[in-house]
Amino acid sequence: MSTLLISACPGPPTCAAVHTHLFVDGLDVVARSDSRLVGLCPSRLLRPGGPLYPTDTPCTVEVATQEPSGPAPDGLTVRIHVQGETVIWSGLMYPGPDGRVIEEVRFRLEQYLGEVERAYAALRGSSSVSGPG
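**Q** So what about the overall build of the protein chain? Which residues, and what values?
**A** Counting its secondary structure elements, the protein chain contains 3 helices and 8 strands. Counting helices and strands in the order they occur from the N terminus, the protein chain gives β-β-β-α-β-α-β-β-β-β-α. Buried positions account for 39% of the 133 residues belonging to the protein chain. Across the protein chain, the fraction of contacts at a sequence separation of at least 24, relative to all contacts at a separation of at least 6, is 47%. Total accessible area computed for the protein chain in this model is approximately 7,100 Å², and 54% of it derives from carbon and sulfur atoms.

**Q** An account of the sheet that holds strand β2 (residues 19-24) is needed here, citing residue identities and associated values.
**A** The antiparallel open sheet is built from 3 strands, whose spatial order is β1-β2-β3. This sheet does not close on itself; its edge strands, each paired only once, are β1 (4-9) and β3 (27-28). In this structure, β1 lies alongside β2, joined through 6 bridges in antiparallel fashion. Its bridge partner being in β2, leucine 4 is matched across the sheet by valine 24.

**Q** I'd like to hear about the sheet that holds strand β8 (residues 101-108), residue by residue, with values.
**A** Strand order in this open sheet of 5 strands is β4-β5-β6-β7-β8, and the pairing throughout is antiparallel. Edge positions in the sheet fall to β4 (37-39) and β8, since each of these pairs with one other strand and no more. Within this sheet the neighbouring strands show an average axis-to-axis angle of 35°, counted without direction. The pairing of strand β5 (residues 59-66) with strand β6 (residues 75-83) spans 6 bridges and is classified as antiparallel.

Cut-offs used in this document
Residues numbered from 1 in each chain as written. Predicted model: local features only at pLDDT ≥ 70, side-chain atom pairs only at ≥ 80, totals over all residues. Heavy atoms only, no water. Helix = DSSP H or I, 4+ residues; strand = E, 2+ residues; numbered from the N terminus. Buried < 20%, exposed > 50% of the residue type's maximum accessible area, 1.4 Å probe, protein only. Contact = heavy atoms within 4.5 Å. Areas by Shrake-Rupley, 256 points an atom, 1.4 Å probe, with all protein chains shown as cover. Pairing = 2+ DSSP bridges. Axes fitted to C-alpha atoms, helices over the stretch in contact; angles between N-to-C directions.

Everything listed here is a matter of coordinates, which is why it stays silent on function.
Rendered as structure tokens:
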């Protein structure tokens, strides 16, 4: 089973805008998928019942987009669903630590939901919850 860690970049002056980092087993999924992409605003991904919350029916979720300065809009989508006590992300294409392509990851439901809720709670008290995204 993999582990999920979610963090948020606070935006200016550190970065151009507030965005979410999604780490799977310590690897930044967005940056490893396409270095031109940035995670969406945390308020779009982490709100209660939001797109990162898994359902029995697989759902395709946009988790990152190309920065506005890019030539054409592009993004990163992940197919998310829950099966029993396992959350499955599929439709991935990023290099793992050994260079092999990772196409699917599985998380323990308890760890996954706990991390989404922890990240949301951390953002609720900051100005990062609202903003462009």
